[in-house]
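Residue-level structural notes
Now for the letters of each chain:
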Amino acid sequence: MKNIPVILFILFLAAGCKNNQATDHGTTVAYHCPMQCEGEKTYAEKGSCPICKMDLVEVENTTETASEGKFTDMSIYNLPSTWTTQDGEDIQLKDLQGDVLVMVMIYTSCKAACPRLVADMRNIEERLPENSKGKVRMIFVSIDPETDTPERLKAFAIDNKMDDGPWLFLRSTEENTREFAAILAVSYKEISPIDFSHSNIISVFNHKGELAFQQEGLGVNSDNTIKHINEALKAM
């Protein structure tokens, strides 16, 4: 947890530098289905529920909405970077809002630490409570975007039986990858065309995209990680 103050500072700077970032932190008007057909999903404008067709009603005292993307300064959802999934879909991190995120940075050609990080992520996923299904995303972010194309990420996901459910693989530009690594306090360096040295950190983010906990090391006891995931789930 010693890296969290630095991470929060970097996130604060990233949020402050965002183009056209909203500065009004007052109440934001939002609307939702009165029958809650879509759970807690909200809209920025009036309309009708796409499921039951009832008119949306105003939600009072809302400080952020899914449509307008207003988040605290400490949220990774402020980052404007675009990422590509193993299925070739382009997304932004804010598209993941509403779920608890468990994230780790790896590269698919790694033969040393990364297979152990994959095993640690699988161990965490297997220990999640049954009621967390559909609320936690297990995410691998590549530090080698040149090699880790969507096709390669897809093959890696299939080989590791991680191509469905909560599993998600992401790649972006080198610049975006470096920025995100700095936010996670992950250091990495290319030491040969196919090999990197890198930090071994698994990060937990709450449903608002705020850092909740970091697990550092390989094969470490994941009790604290599971505890913080459960706390983040209860806070949803």
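In what follows, the structure referred to is the one given above.
Residues numbered from 1 in each chain as written. Predicted model: local features only at pLDDT ≥ 70, side-chain atom pairs only at ≥ 80, totals over all residues. Heavy atoms only, no water.

Looking only at helices and strands, the chain features 5 helices and 11 strands. Across the 236 residues of the chain, 46% fall into the buried class. In the chain, the share of contacts with a sequence separation of at least 24, taken over all contacts with a separation of at least 6, comes to 64%. Working note: accessible area of the chain is about 12200 Å², and carbon and sulfur atoms make up 49% of it. (Helix = DSSP H or I, 4+ residues; strand = E, 2+ residues; numbered from the N terminus. Buried < 20%, exposed > 50% of the residue type's maximum accessible area, 1.4 Å probe, protein only. Contact = heavy atoms within 4.5 Å. Areas by Shrake-Rupley, 256 points an atom, 1.4 Å probe, with all protein chains shown as cover.)

This next bit is on the pairing of strand β10 (residues 201-205). The buried fraction of β10 is high, at 5 of 5 residues. Neither face of β10 is exposed, since Ile201, Ser203 and Phe205 on one face and Ile202 and Val204 on the opposite face are all buried. What sits between the antiparallel neighbours β10 and strand β11 (residues 211-216) is a turn of 5 residues, in which glycine 209 has the positive phi angle 80°. (Pairing = 2+ DSSP bridges.)

Further remarks concern the pattern of salt bridges. For the structure shown, the criterion picks out 6 salt bridges. Arginine 152 is the salt-bridge partner of aspartate 148, the closest N and O atoms lying 3.5 Å from each other. Bridged by salt links that share partners, the residues Asp87, Lys154 and Asp163 form one connected network. (Salt bridge = Lys/Arg side-chain N within 4 Å of Asp/Glu carboxyl O.)

For helix α3 (residues 150-159), the full list of buried residues reads Pro150, Leu153, Phe156 and Ala157. Considered in projection along α3, the buried side chains sweep an arc of 125° and stay on one side of the axis. Exposed side chains of α3 directed beyond 90 degrees from the buried face belong to Glu151 and Asp159. Against β3 (82-85), β5 (100-106), α2 (113-127) and β7 (167-171) lie the buried residues of α3. Downstream of α3 by one or two residues, lysine 161 has phi in the positive range, about 55°. (Arc of directions from axis to C-beta.)

Before going further, it helps to spend a moment on the nonpolar core. Membership of the largest hydrophobic core comes to 54 residues, with the highest contact counts inside it found for Ile76, Leu93, Phe140, Phe180 and Ile229. If you tally residues by element for this core, the top one is β5, at 7 residues. Apart from the residues within four sequence positions on either side, isoleucine 229 is in contact with Val100, Val102, Ile124, Leu128, Val136 and Val204. In terms of nonpolar packing, the next biggest core, distinct from the first, is built from 5 residues, Tyr31, Cys33, Cys49 and Leu56 among them. (Core = buried A, V, L, I, M, F, W, Y, C linked by side-chain atoms within 4.5 Å.)

Attention now goes to the packing of aromatic side chains. For the structure on display, the rule yields 7 aromatic pairs. Each ring, one from phenylalanine 140 and one from phenylalanine 169, has its centre 4.8 Å from the other, and the planes form 15°; the classification is stacked. You can see phenylalanine 140 sitting in strand β6 (residues 136-142) and its partner phenylalanine 169 sitting in strand β7, a full 29 residues away along the chain. Each member of the pair, phenylalanine 140 as well as phenylalanine 169, carries the same accessibility label: buried. Their ring planes at 75° and their centres at 5.9 Å tell us that phenylalanine 156 and phenylalanine 169 sit as a pair that is edge-to-face. With a gap of 13 residues between them, phenylalanine 156 in helix α3 and phenylalanine 169 in strand β7 connect regions that are remote in the sequence. Grouped by ring-pair contacts, the aromatic residues Phe140, Phe156, Trp167 and Phe169 constitute a single cluster. Its guanidinium or amino end placed over the ring of tyrosine 188, arginine 178 lies 3.8 Å from that ring's centre, counting from NZ or CZ. (Phe/Tyr/Trp six-rings, centres within 6.5 Å; stacked < 30°, edge-to-face > 60°. Lys NZ or Arg CZ within 6 Å of the ring centre and 35° of its normal.)

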